[in-house]
Amino acid sequence: MLKDITIGQYFAGDSLIHRLDPRIKLILTMLYIAMVFIPTNPAGLIAVALFVVACYGVSGISLSTVRRSLKPILPIVVFTTILNIFFIEGRVLVNLGFVQITYEGLLVSALMVLRIVCLIAGTSLLTYTTSPIALTDAIERLFAPMRRIGVPVHELAMMMTIALRFIPTLIEETDKIMAAQKARGADMESGGLVDRVRALIPILVPLFVSAFRRALDLATAMECRCYRGGEGRTRMRQMQLMPRDMVALVVTVAGLAGVIMLNGWLPSVYG
Amino acid sequence: MAVIKTEHLTYIYGAGTPYEKRALDDINLSIEAGEFVGVIGHTGSGKSTLIQHFNALLKPTSGKVYIDGVDVWAAGKAALQGFRFDVGLVFQYPEHQLFEETVYKDIAFGPRNMGLSEREIDERVREAAHYVGLTEAMLDHSPFEISGGQKRRAAIAGVLSMRPKVLILDEPTAGLDPRGRDQILRLIADYHRTTGSTVLIVSHSMEDVARYASRILIMNNAKVHAYLPVREAFSDPEVLMNMGLSVPPITRVFHRLSQKGLYSGPEVLTLEEGKAALKAMLGGAKDA
């Protein structure tokens, strides 16, 4: 049940996109987000969508995975669509008396849906093709200059790495504790709100106790290996920019430029 | 009568995903009331998955589980809780599930979920504490400030207090020192003797199983390899070794002896039996 959560799930692979430098991938994702928000015309956004589909093709990750990652945001999509359809004025297509559906409303909401889908699908590709460790490593490297203004970049990145590492462990632990309390007749599925919150206590208390125990164990283990923060720390895996990283950067920047130009030529749907 | 029975029980983890794994494969089993069963099998053989079917925590992918002759999953969701009171399951490292302010309250968690009266709850808590050897004074302590062995016993008492007809323990001695192990095993054996309830105990220690169990359930690669009396189970060490299991050291010694023609008699399972057999052999030699 809890195992079905797939936020930021990494699929190991060996595609071109998997092998890109994580720092570059992070930058490309930023560029891509800009690309998604620039178009004010369906044609421009369709071009962006095609770009994502092409990237998925290269990565070897199936589009059905994308469908699963889109499921949680479905309510948001439906909600914004409904708002847009009914509340944008323009050429009336259907008149229901108290509300009316307009051509502009349909167009804007279609654009909105496509934008959200592109945003989620594109940014998910980053976590699908980059292991959490590589990702936090990249964040640490990219934000390293901020150390000068007193931001503890290394410590933040380490905290993030540890947090990510422990998500599956804690999920497994929760499953175990839930099973153990159910074996003693704990009922977590019925009753009112108060009952349900109360039913969480037998789960949460042991979970916290075990999380603290694990944290202490981990701290001891890290100290045993002489960890003492980021000062003067070297890395086993050096990141090095390769020609393919440059190619990916050029392609994406060209794509961004293309989208901006296309947007200049095409009329905006926002009037 | 069989207190637990399974028919073609199959369980598949993560069905339909790339991580699909057949954890139980067509299990047909019938455990009689009053037995003391040792469940053995290498890691990943399906032991833990199997016992979680016995108290309706896991739903079979296909096949049926009967408790006291009642089909568990045909009775509807509301009845599941009742089966969990009938078949008490003590998980591995059960002390990790303690959560209440006092040991007393934690042991009372099960009975309270059963909806019993305060008087009945009190009686059961004290009875369970007595079985596991916790003193009255300890009941008022926080479960987080007592020793490791005491925590384990408090957690076991939390299941005993439901007075289950069947008691299942998943490696109850894992991580305990030798004395703690003996205490736990002895209290389980005492509980079995005094209440006459059915007990299943998952263990990696062949010695413990040989010493306490009347029958042995051998799991291998998601299937039941055998379910038979202890003495028969340890009569063929080769088969067990091939499954990554073993027989108690003393049994192995007497096997070697009988292979050399020095010993002929029933299977030796415990040190006491070994001592007696050895004495008889030496005594016999003197007479000759």
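This one's a predicted model, so the numbers in the text were calculated from it and none came from an experiment. (Residues numbered from 1 in each chain as written. Chains lettered and ligands numbered in written order. Predicted model: local features only at pLDDT ≥ 70, side-chain atom pairs only at ≥ 80, totals over all residues. Heavy atoms only, no water.)

**Topic: the sheet that holds strand β7 (residues 166-170) of chain B**
Residue and element names in this part refer to chain B.
Next up, step 1: Strand order in the open sheet formed by 6 strands is β6-β7-β8-β3-β9-β10, with mixed pairing between adjacent strands. Taken across any chain shown, the strands that pair with only one partner, and hence form the sheet edges, are β6 (87-90) and β10 (223-229). Taken pair by pair, the neighbouring strands of this sheet meet at an average axis angle of 15 degrees, ignoring direction.
Next up, step 2: Here 4 bridges tie strand β3 (residues 36-40) to strand β8 (residues 198-202), and the two strands are oriented parallel to one another. By the bridge assignment, G38 is partnered in β8 with I201.
Next up, step 3: Taken strand by strand, helix α1 (residues 47-54) contacts β3, β6, β7, β8 and β9 (215-220), and its axis lies near 155 degrees from that of β7. (Pairing = 2+ DSSP bridges. Helix = DSSP H or I, 4+ residues; strand = E, 2+ residues; numbered from the N terminus. Axes fitted to C-alpha atoms, helices over the stretch in contact; angles between N-to-C directions. Contact = heavy atoms within 4.5 Å.)

**A closer look at the confidence of the model for chain A**
Next up, step 1: Summarising the model, chain A shows a mean pLDDT of 86, and 97% of its residues fall at 70 or more.
Next up, step 2: For chain A, the element scoring lowest by mean pLDDT is strand β1 (residues 92-95) of chain A, at 78; helix α2 (residues 22-37) of chain A scores highest, at 93. (pLDDT = per-residue confidence, 0-100.)

**Quick notes on helix α7 (residues 132-142) of chain A**
Next up, step 1: For α7 of chain A, the set of buried residues is L135, T136, D137, A138 and E140 of chain A.
Next up, step 2: Buried positions along α7 of chain A lie against α2, α6 (103-129) and α8 (153-183) of chain A. (Buried < 20%, exposed > 50% of the residue type's maximum accessible area, 1.4 Å probe, protein only.)

**Notes on the environment of A277 of chain B**
Next up, step 1: Topologically, A277 of chain B is positioned in helix α11 (residues 271-287).
Next up, step 2: The sequence separation of A277 of chain B and F254 of chain B amounts to 23 residues, and the corresponding C-alpha distance is 9.2 Å.

**Here we look at the packing of aromatic side chains**
Next up, step 1: Under the definition given, this model contains 5 aromatic pairs over all chains.
Next up, step 2: Geometrically, the ring pair formed by F11 of chain A and Y128 of chain A is edge-to-face, given 5.3 Å between the ring centres and 65 degrees between the ring planes. Remark: Y128 of chain A occurs in helix α6 and F11 of chain A occurs in the segment before α1 (16-19); sequence separation between them is 117 residues.
Next up, step 3: The exposure class assigned to Y128 of chain A is buried, which follows from its relative accessible area of 4%.
Next up, step 4: The ring of Y66 of chain B is capped by K5 of chain B, whose NZ or CZ atom sits 5.4 Å from the centre of that ring. (Phe/Tyr/Trp six-rings, centres within 6.5 Å; stacked < 30°, edge-to-face > 60°. Lys NZ or Arg CZ within 6 Å of the ring centre and 35° of its normal.)

**What about the sheet that holds strand β4 (residues 62-67) of chain B?**
Residues and elements named next belong to chain B.
Next up, step 1: Taken together, 4 strands build an open sheet; the order of strands is β2-β1-β4-β5 and the sheet is antiparallel. On the outer flanks of this sheet lie β2 (21-32) and β5 (70-71), each paired with one strand and no other.
Next up, step 2: With respect to the sheet, α1 is in contact with β1 (2-13), β2 and β4, its orientation differing from that of β2 by roughly 55 degrees.

**A short note on the packing of α2 of chain A against helix α10 (residues 243-265) of chain A**
What describes two packed helices is the angle between their axes and the distance between those same axes.
Residues and elements named next belong to chain A.
Next up, step 1: For the pair α2 and α10, interaxial distance at closest approach is 10 Å and the crossing angle is 10 degrees. On the basis of their axis angle, the class for α2 and α10 is roughly parallel. Of α10, the residues touching α2 (which contributes I24, I27, L28, L31, A34 and M35) are D245, A248, L249, T252, V253, G255, L256 and V259.
Next up, step 2: The residue makeup of the contact of α2 with α10, split by class, is 11 nonpolar, 2 polar and 1 charged. (Parallel < 35°, antiparallel > 145°, perpendicular 65-115°, else oblique. Nonpolar A, V, L, I, M, F, W, Y, C, P; charged D, E, K, R; others polar.)

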